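Tertiary structure, described
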Amino acid sequence: MNKTLQNLIIRALSGAVFVVLMLGAIWLSSFYFAIVFLAFTFLGLKEFYSLSSHHNVVKVNGWLAIAGGVLLFLIATGVSFLQWSPKWFALYLIYIPILFIPELYRSVGTPIQNIAVSLMGHIYVAIPFTIFCLIEPISKELVLAFFVLIWASDTGAYLVGVCIGKHKMFERISPKKTWEGFLGGLAFALGFGYLFYRLNWVELPQADLMFWMILSALIFVVGVFGDLVESMFKRSVGVKDSGNIMPGHGGMLDRFDSACLAAPVLAAVYLLLV
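The subject of this paragraph is the overall build of the chain. The secondary structure content of the chain amounts to nine helices and two strands. Helices (α) and strands (β) of the chain occur, in sequence order from the N terminus, as α-α-α-α-α-α-β-β-α-α-α. For the chain, the spread of C-alpha atoms along the principal axes amounts to about 55 × 45 × 35 Å. Scored against the burial criterion, the 274 residues of the chain give a buried share of 46%. Within the chain, counting contacts between residues at least 6 apart in sequence, those at least 24 apart form 69% of the total. For the chain, the exposed surface amounts to about 14200 Å²; the carbon and sulfur share of it is 69%. Averaged over its 17 positive side-chain charges, the chain has a centre that lies 7 Å from the centre of its 14 negative ones.

In structure tokens form, the structure reads like this:
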């Protein structure tokens, strides 16, 4: 077996395991969802702060920063699945000054950068996973639709880009992305959005055709920028992948790059249109 074929098989098996894990987490039970997405949150934060450690200027207190992001997710889990009072989010508010104070006792010379990157990890990783946690009990179908839209549009963009892609979209950051691929991905996203509308996939009165078209288009467009943003992060510190936990795919951030930036869009569209 040649190396290329072997790599394709490993990539396919790894991707299949990931998809099964995701579908099971969303569909089986809230407990399973919480465990799986807690692991994703922890690993994503760990990778993000590991990336930042490659930068000569930033010296984040990694474990303290990870603890805050995990705390935020755990509180959201309690509020969503265990009917805790939203007042529990006060614990995270108390955590924020705790994140600042240790910089007084560290002689690293970059306190502003350290605190900024610490909080950025929460915004970029913990908050998106918290959003999924908050929406899942309301409509697991909507969370599943979100990820199907991400996967389908990404596949469509890749296939169209490989077949007819000529005009580079963002060569400085991602040389392989083309405008033809972008339009192909958008078409796939809108097509699946229309399919979800016809299937009445989400049992919400306001989930009409306009809802699905707006949601599908925004998720795809912002997801593309999410992919580019993560590529920008990796290029800025000179690494190829955010991690190596998934053979053939890289790390958690490599798998959730589109979702991390698109998750707030999901929440915004839901709050505004539902």
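After presenting the structure, the write-up continues.
Positive phi outside glycine occurs at Gln83, with the angle close to 60°. Structurally, the position occupied by Gln83 is in the loop between helix H3 (62-81) and helix H4 (90-100). Positive phi values are uncommon outside glycine, yet Asn200 reaches one of about 50°. Along the chain, the position of Asn200 falls in the loop between helix H7 (179-198) and helix H8 (209-237). For Asn200, a relative accessible area of 49% translates into the label partly exposed.

Before going further, it helps to spend a moment on H4. Among the residues of H4, those classed as buried are Tyr92, Tyr95 and Leu99. For H4, the angular spread of buried residues about the axis comes to 45°, placing them on one side. Contacts from the buried residues of H4 go to H3 and helix H5 (111-135).

What follows concerns the packing of H5 against helix H9 (residues 252-273). Between H5 and H9, whose axes approach to 9 Å, the crossing angle comes to 60°. On the basis of their axis angle, the class for H5 and H9 is oblique. H9 is crossed by H5, and the crossing has left-handed handedness. Within the contact between the two elements, H5 uses Tyr124, Val125, Pro128, Phe129, Ile131, Phe132 and Ile135 and H9 uses Leu253, Phe256, Asp257, Ala259, Cys260, Leu261, Ala263, Pro264, Leu266 and Ala267.

Now for the confidence of the model for the chain. Mean pLDDT over the chain: 89, with 96% of residues reaching 70 or higher. Ranking the elements of the chain by mean pLDDT puts helix H1 (residues 3-27) last, at 76, and H3 first, at 96.

Attention now goes to the packing of aromatic side chains. For the structure on display, the rule yields 31 aromatic pairs. Ring geometry for Trp84 against Trp88: centres 4.7 Å apart, planes inclined by 35°, an arrangement best described as tilted. Residue class for Trp88 comes out partly exposed when judged on its relative accessible area of 40%. Considering the side-chain rings of Phe196 and Trp212, the 5.3 Å spacing of their centres and the 35° angle between planes classify their relative orientation as tilted. Of the two residues, Phe196 is situated in helix H7 and Trp212 in helix H8; the sequence distance between them amounts to 16 residues.

Moving on: H8. A rise of 1.5 Å per residue sets the reference length of H8, with its 29 residues, at 42 Å; its end C-alpha atoms lie 42 Å apart and thus fit the reference within 8%. Two residues or fewer past H8, Gly238 is found with a positive phi of approximately 75°.

Conventions we followed
- Residues numbered from 1 in each chain as written.
- Predicted model: local features only at pLDDT ≥ 70, side-chain atom pairs only at ≥ 80, totals over all residues.
- Heavy atoms only, no water.
- Helix = DSSP H or I, 4+ residues; strand = E, 2+ residues; numbered from the N terminus.
- Buried < 20%, exposed > 50% of the residue type's maximum accessible area, 1.4 Å probe, protein only.
- Contact = heavy atoms within 4.5 Å.
- Areas by Shrake-Rupley, 256 points an atom, 1.4 Å probe, with all protein chains shown as cover.
- Lys, Arg positive; Asp, Glu negative; His and termini not counted.
- Charge placed at Lys NZ, Arg CZ, Asp CG, Glu CD.
- Arc of directions from axis to C-beta.
- Axes fitted to C-alpha atoms, helices over the stretch in contact; angles between N-to-C directions.
- Parallel < 35°, antiparallel > 145°, perpendicular 65-115°, else oblique.
- Left-handed = near helix turned anticlockwise from the far one by under 90°.
- pLDDT = per-residue confidence, 0-100.
- Phe/Tyr/Trp six-rings, centres within 6.5 Å; stacked < 30°, edge-to-face > 60°.
- Expected span 1.5 Å × (residues − 1).

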